[in-house]
Amino acid sequence: RVQFKTGSLFRLEGNLTPAFSNRTYANFELNYASAIITVTGTNAVSIDNLTITAGILNFNMTSTPGHSIKGNISVIAGATLAFSPASTGTVNLNGSSLQSIGNFSTSSNSTLVFNNSNGFNLNGNVTIGGTLNLTSGLLNLGANNLTLSSASSISGTPTASNMIVA
C-alpha cells in the first residue's frame, strides 16, 4: 500500500494514468490541459483534497464500501471530473471539517455518500446520475445547483442534520 504524507501534493502534469487502487493520497491535483485520465480499480483509494485544474479525470473506481474523499473537491472551469464506474462504485465524502465540493457529475453506477457531521458547501454545480446517500451533515447549495437525473435516487433518512438547503 502506497501512502503519501499528510499535507503533501501529488500533482499530475502529463497524460499518464496514476495508480489509485489501494493508495492514500494527501492532496491530488490534475493539471494538464490535454489529459484524459481514467482511473480504475476495486481496492480503496483515500484522498484529502481533489483538485482538477486542467484536463479530464474519469474516476471509475468500483466497490463498496468504497473510496474516501476527506477534503474539498475543486474543479476549475474548463476541467472535468466524472465519477463513472463501469459497475457499482461508492465514493464517501467523509471529512472531519466542512467540505467544499462542486463542478462534477456521477453516473448511474455511482453512489455518492455524504457522511460528514460538519457539513458540505457546494462551490459549483453537481449532477447526480446514480444514488445520493445523505448519511450525515448539512448540504448547503448556496447559489449552485444539485441536479438529479431521472435514473437517480436519494437514500438515507433526511433529518435536520443532513437536509439540503439553498
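Residues numbered from 1 in each chain as written. Predicted model: local features only at pLDDT ≥ 70, side-chain atom pairs only at ≥ 80, totals over all residues. Heavy atoms only, no water.

A. Expanded view of the overall build of the chain. When you go through the chain residue by residue, the secondary structure sums to zero helices and 18 strands. Taking 166 residues into account, the globule formula puts the C-alpha radius of gyration at 15 Å, and the chain, at 15 Å, falls close to it. Principal axes of the C-alpha set define a box for the chain whose edges measure 40 × 30 × 30 Å. Considering only contacts in the chain between residues 6 or more positions apart, those separated by 24 or more positions represent 27%. (Helix = DSSP H or I, 4+ residues; strand = E, 2+ residues; numbered from the N terminus. Rg over C-alpha atoms; globule rule 2.2 N^0.38 Å. Contact = heavy atoms within 4.5 Å.)

B. Expanded view of the nonpolar core. Counting 36 residues, the largest nonpolar core has Phe59 and Leu81 as the members making the most contacts within it. Apart from the residues within four sequence positions on either side, Phe59 is in contact with Phe20, Val39, Val45, Ile47, His67, Leu81, Ala82, Phe83, Ser84, Pro85 and Val91. (Core = buried A, V, L, I, M, F, W, Y, C linked by side-chain atoms within 4.5 Å. Buried < 20%, exposed > 50% of the residue type's maximum accessible area, 1.4 Å probe, protein only.)

C. Seen up close, unusual backbone geometry. Look at the link from Thr64 to Pro65: it is a cis peptide, with omega at 15°. Assignment of secondary structure puts Pro65 in strand 5 (residues 63-69). Positioned with a positive phi, Asn103 is a non-glycine residue whose angle comes to about 65°. Looking at where Asn103 falls in the secondary structure, it is placed in the loop between strand 9 (99-101) and strand 10 (104-106). The exposure class of Asn103 is partly exposed, given its relative accessible area of 35%.

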